[in-house]
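What the coordinates show
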Amino acid sequence: MTGKKRIFLGVLSVLIILLIAGVLLLLFILKNKSSEIYDLLMGSLILLFSIVAIFLIFCIIGFIYLVYSKSNNRTLNKILLTLIDASYPVLQILGGFLGIDREKFQQSFTNINNFLVNSRHEKYLPEELLILTPHCLQFNECKFKVTNDIDNCRRCGKCQVSDLIKLKEKYGVKVAVATGGTLARKVVKDIKPKAIIAIACERDLTSGILDVKKIPVYGIINTRPNGPCFNTKVNINEIEKAIINFTNGG
């Protein structure tokens with residue numbers, strides 16, 4: 001999803017919520033003044049909430065089916081991903097109104113996305129996989145920058161870049177380091193992977209997943225013991241598990 005599309009959906013979400021709030025206020029005002037208009041607006045709201053309820057029920061049934069079905073239903077998977085991506089701006093705003101922490105909400109989005117990616121049960125060759133990591137995983141005082149070529153790493157052990165190289169050599173996957181969203185999109189465009197294992201913070205990971213539509217992205221949230229964007233860490237075992245799932249078909 002491009003930046004313009006995200007802005008459009010965000011503005012649309014705000015307008016929808018403001019519209020609903022306006023209708024509710026109007027209902028309160030008209031309740032004792034105009035029963036016909038009141039009944040019309042109330043009927044419209046019931047219809048709107050019924051549509052939302054049907055959407056939620058469809059998603060729940062779809063998730064249950066994917067959990068208990070061993071078959072690879074790509075159509076249902078794609079529909080659920082599309083619905084969730086399209087409704088994300090609205091759900092994010094509603095989550096804010098309900099007091100849900102933004103990072104917790106983004107974590108939930110990533111978990112749902114990962115479940116849908118795994119439920120595809122699609123098998124990929126190692127060379128079709130790309131591990132995409134932010135540059136903040138590298139030790140900040142290292143003189144050997146790995147953004148353009150990860151093999152510049154001297155494997156000193158002060159950061160986990162050397163661990164990613166070990167996975168690269170062990171499984172034959174591709175690994176790239178990006179300094180931001182623009183470079184990450186360029187890397188994906190140049191390498192053309194069939195599937196991506198992305199490492200990032202909650203915000204960047206959610207944004208990246210929404211950006212990439214045609215490629216399955218398995219997201220792994222990094223840890224930030226020293227604060228954001230500075231000597232971050234990642235669970236290497238989780239990355240290796242994701243590689244095995246992709247190469248074995250889940």
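Please refer to the structure placed before this passage.
Quick look at the structure, then.

Calculation notes
Residues numbered from 1 in each chain as written. Predicted model: local features only at pLDDT ≥ 70, side-chain atom pairs only at ≥ 80, totals over all residues. Heavy atoms only, no water. Core = buried A, V, L, I, M, F, W, Y, C linked by side-chain atoms within 4.5 Å. Buried < 20%, exposed > 50% of the residue type's maximum accessible area, 1.4 Å probe, protein only. Helix = DSSP H or I, 4+ residues; strand = E, 2+ residues; numbered from the N terminus. Contact = heavy atoms within 4.5 Å. Axes fitted to C-alpha atoms, helices over the stretch in contact; angles between N-to-C directions. Parallel < 35°, antiparallel > 145°, perpendicular 65-115°, else oblique. Left-handed = near helix turned anticlockwise from the far one by under 90°. Nonpolar A, V, L, I, M, F, W, Y, C, P; charged D, E, K, R; others polar. Pairing = 2+ DSSP bridges. Right-handed = clockwise from strand over helix to strand, strands pointing away. Disulfide = S-S within 2.5 Å. Salt bridge = Lys/Arg side-chain N within 4 Å of Asp/Glu carboxyl O.

Here the focus is the nonpolar core. Counting 27 residues, the largest nonpolar core has Ile131, Ile150, Leu164, Ile197, Ile239, Ile243 and Phe246 as its most contacted members. Breaking this core down by element, the ones donating at least two residues are strand 1 (129–134), helix 5 (161–171), strand 2 (174–178), strand 3 (195–200), strand 4 (217–221) and helix 8 (236–248). When near neighbours in sequence (up to four residues on either side) are disregarded, Leu164 contacts Ile131, Thr133, Leu137, Ile150, Val175, Ile199, Ile236 and Ile239.

Packing of helix 4 (residues 102–118) against helix 7 (residues 202–211) leaves a shortest axis separation of 9 Å and a crossing angle of 40°. One way to sum up the angle between helix 4 and helix 7 is to call them oblique. For the crossing formed where helix 4 meets helix 7, the hand is left-handed. On helix 7, the residues that touch Glu103, Gln106, Gln107, Phe109, Thr110 and Asn113 of helix 4 are Glu202, Arg203, Leu205, Thr206, Ile209 and Leu210. Looking at the contact of helix 4 with helix 7, its residues break down into four nonpolar, five polar and three charged.

A few words on the pairing of strand 4. The buried fraction of strand 4 is high, at four of five residues. Bridge count between strand 3 and strand 4: five bridges; the pairing is parallel. If you follow Ala198 over to strand 4, its bridge partner there is Gly219. At this point the chain moves from strand 3, through helix 7, to the parallel strand 4, and the crossover so formed is right-handed.

Okay, the pairing of strand 3 next. The side chains of a regular strand alternate, residue by residue, between the two faces of the sheet. Burial analysis of strand 3 places six of its six residues in the buried class, which makes it a mostly covered element. Burial of the side chains of strand 3 extends over both faces: Ala195, Ile197 and Ile199 are buried on one face and Ile196, Ala198 and Ala200 on the other. Pairing analysis gives four bridges linking strand 1 to strand 3, with the strands arranged parallel. Along strand 3, the bridge assignment pairs Leu132 with Ala198.

On to the state of the cysteines. All chains considered together, the criterion is met by zero disulfides. Note on Cys156: no disulfide assigned, nearest cysteine sulfur contributed by Cys142 at a separation of 5.8 Å. The structure places no disulfide on Cys201, whose sulfur is separated from the nearest cysteine sulfur, that of Cys229, by 6.0 Å. Among the residues examined, Cys201 registers a relative accessible area of 16% and is labelled buried.

On to the pattern of salt bridges. With the rule as written, the count across this model stands at nine salt bridges. We note a salt bridge from Arg203 to Asp204, for which the minimum N-O separation is 3.2 Å. By relative accessible area, which is 38% here, Asp204 ends up partly exposed. One continuous salt-bridge network, built from bridges that share partners, spans Glu103, Glu202 and Arg224.

With that settled, consider the packing of helix 5 against helix 8. Contact geometry of helix 5 with helix 8 gives a least axis separation of 11 Å together with a crossing angle of 20°. On the basis of the axis angle, helix 5 is roughly parallel to helix 8. Where helix 5 crosses over helix 8, the handedness of that crossing is right-handed. Here Asp163, Leu164, Leu167, Lys170 and Tyr171 of helix 5 come into contact with helix 8, specifically with Ile236, Ile239, Glu240, Ile243 and Ile244. Taken together, the residues that form the contact of helix 5 with helix 8 break down as seven nonpolar, no polar and three charged.

Mapped onto the fold, Asn245 is located in helix 8. Look at Asn245 and you get partly exposed, because its relative accessible area is 23%. Taking the C-alpha atoms as reference, Asn245 lies 7.5 Å from Asn118; in sequence the two are 127 residues apart.

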